[in-house]
Amino acid sequence: MGIDAPRQTGQLIKIETDRRLGHEWDEWDGTPLDNGGNFAAPVRLYFGFTAVGFALAAALLAGGVYLLAPRLGALWGGLPGALYYSIGAGLLLALAWLALIALAVATGRSLLPERLAERGLFLRTLHLAWRTGQLFGVRRDWTGHASVLVYDRLALARRRTVSADELLILIPRCLSREALDGVLAIAKRHNVSAFVATRGQLARRVIRERRPRAVVAVACERDMVSGIHDVAGRVPVLGLTMTLPSGPCKDASIDLGRMEEFVSKYLGKT
Ligand code: SF4
């Protein structure tokens, strides 16, 4: 069924795709995933790696200025010093921003406008966090989980509400039968449309064409981080990550209580 079909609630609208499934896991070697595919991680992982990432970026820039100092100095004697100063000030500003995000997460209050938080600047740090984590040997799934937690807390603090026909539930094709039935039951109970999108890119297309005012999305950490990165600036999203006991892209389970909580929050029922 195409995505222009009339709205259906509590029913599954399956969207076919011609692209390969689960590309985020192309490099998986078939071995069991860490911790049975449950990547639950504390938010400090996001904050720690983002802060270190900021410091590394500043050090790289300062190193570049150091190497080019003779040439820069030939242009203007004070230029290298001014650049060092700007890099230091930029780092302090970035760390101050991160501290404000941490405070917002800890207090559950919106301290910054959306564009300076979860629907703007925060999105630009998602890749930095997991890439920095990888430098220290931490798989991107763990950092991704922590990042999605931070994102959700910032988004929930907005206390945004929409009507049932403005909300969309997006689920991947890898859910176990039990999880899928659970999601459909929630969708039916709240009269909300649910879509299964077989690829992250297709999920983005559904959002573009259906134009919901809010989305509850389910995906593994990898797909969720890239999806939030691409979509959250345009439409508010709450992200629910999964457990992958059978490895990636198969029989995934989710916390259905959390899913119901997200839907209820958007509908102003809690
Ligand atoms: S959401 Fe599911 S199908 Fe998509 S990449 Fe993740 S594990 Fe694979």
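Please read all numbers here as calculations on a predicted model, not as lab measurements.

What counts, and where the lines are drawn
Residues numbered from 1 in each chain as written. Predicted model: local features only at pLDDT ≥ 70, side-chain atom pairs only at ≥ 80, totals over all residues. Heavy atoms only, no water. 1 Å grid on protein atoms, 1.4 Å probe; cavity = no way out; pocket = protein on both sides within 12 Å on 5 of 7 lines; lining within 4 Å. Points joined across faces, edges and corners; volume = space filled by probe spheres on them. Nonpolar A, V, L, I, M, F, W, Y, C, P; charged D, E, K, R; others polar. Near = heavy atom within 4 Å. Helix = DSSP H or I, 4+ residues; strand = E, 2+ residues; numbered from the N terminus. pLDDT = per-residue confidence, 0-100. Contact = heavy atoms within 4.5 Å. Buried < 20%, exposed > 50% of the residue type's maximum accessible area, 1.4 Å probe, protein only. Axes fitted to C-alpha atoms, helices over the stretch in contact; angles between N-to-C directions. Parallel < 35°, antiparallel > 145°, perpendicular 65-115°, else oblique. Left-handed = near helix turned anticlockwise from the far one by under 90°. Salt bridge = Lys/Arg side-chain N within 4 Å of Asp/Glu carboxyl O. Polar contact = N/O pair within 3.5 Å; in protein donor to acceptor, adjacent residues only side chain to side chain.

Applying the stated rule across the entire model yields three cavities of 30 Å³ or more. One number sums up the size of the second largest cavity: a volume of about 50 Å³. The wall of the second largest cavity is formed by Glu114, Glu118, Arg119, Tyr151, Ala155, Arg158, Arg160, Pro236, Val237 and Tyr266. For the lining of the second largest cavity, the per-class residue count stands at five nonpolar, no polar and five charged.

Moving on to the site of the ligand. The immediate surroundings of the ligand are formed by Gly22, Trp25, Pro172, Arg173, Cys174, Ala219, Cys220, Asp223, Met242 and Cys249. Residue composition of the shell around the ligand, grouped by class: seven nonpolar, one polar and two charged.

Take unusual backbone geometry next. With the exception of glycine, most residues fall at negative phi, and the peptide bonds are largely trans. Phi is positive for Asn35, close to 50 degrees, though the residue is something other than glycine. Of note, Asn35 is situated in the loop between strand E1 (12–15) and helix H1 (44–75). At Arg211, a position not held by glycine, the phi torsion is positive, near 50 degrees. Tracing the sequence through the fold places Arg211 in the loop between helix H6 (200–210) and strand E4 (214–219).

Looking at the chain as a whole, its pLDDT mean stands at 91, while 92% of the residues score no less than 70. Per-residue pLDDT stays below 50 along residues 1–6; that stretch engages in 12 contacts with residues further than four places along the chain or on separate chains. Of the regions scoring below 50 in pLDDT, residues 14–21 engages in 21 contacts with residues more than four places distant in sequence or in other chains.

Moving on: helix H8 (residues 256–266). When H8 is considered as a whole, its buried residues turn out to be Met259, Phe262, Val263, Ser264 and Tyr266. Each element contacted by the buried residues of H8 is listed here: helix H4 (140–157), strand E2 (167–171), helix H5 (177–190), E4 and strand E5 (237–241). At the C-terminal side of H8, Gly268 shows a positive phi close to 70 degrees.

Further remarks concern the packing of H5 against H8. Put simply, H5 and H8 touch, their axes get as near as 10 Å, and they point 25 degrees apart. The orientation of H5 with respect to H8, classified from their angle, is roughly parallel. Once H5 is placed against H8, the crossing between them reads as right-handed. Contact residues: H5 offers Ala179, Gly182, Val183, Ile186, Arg189 and His190, while H8 offers Leu256, Met259, Glu260, Val263 and Ser264. Of the residues belonging to the contact of H5 with H8, the class tally is six nonpolar, three polar and two charged.

Under the criterion given, the structure shown has 13 salt bridges. Residue Arg140 pairs with Glu24 through a salt bridge whose shortest N-O separation is 3.3 Å. Here Glu24 lies in the loop between E1 and H1 and Arg140 lies in helix H4, a separation of 116 residues in the sequence. For the residue pair Arg140 and Glu24, the accessibility class agrees, reading buried in each case. Because the salt bridges share partners, they merge into one network encompassing Glu27, Arg139, Asp141 and Arg222.

A few words now on the side chain of Ser264. With respect to the element layout, Ser264 can be found in helix H8. For Ser264, a relative accessible area of 7% translates into the label buried. Among the polar contacts listed, one links the side chain of Ser264 to the backbone oxygen of Glu260, at a separation of 2.8 Å. Not counting residues up to four positions away in its chain, the partners in contact with Ser264 are His190, Lys269 and Thr270.

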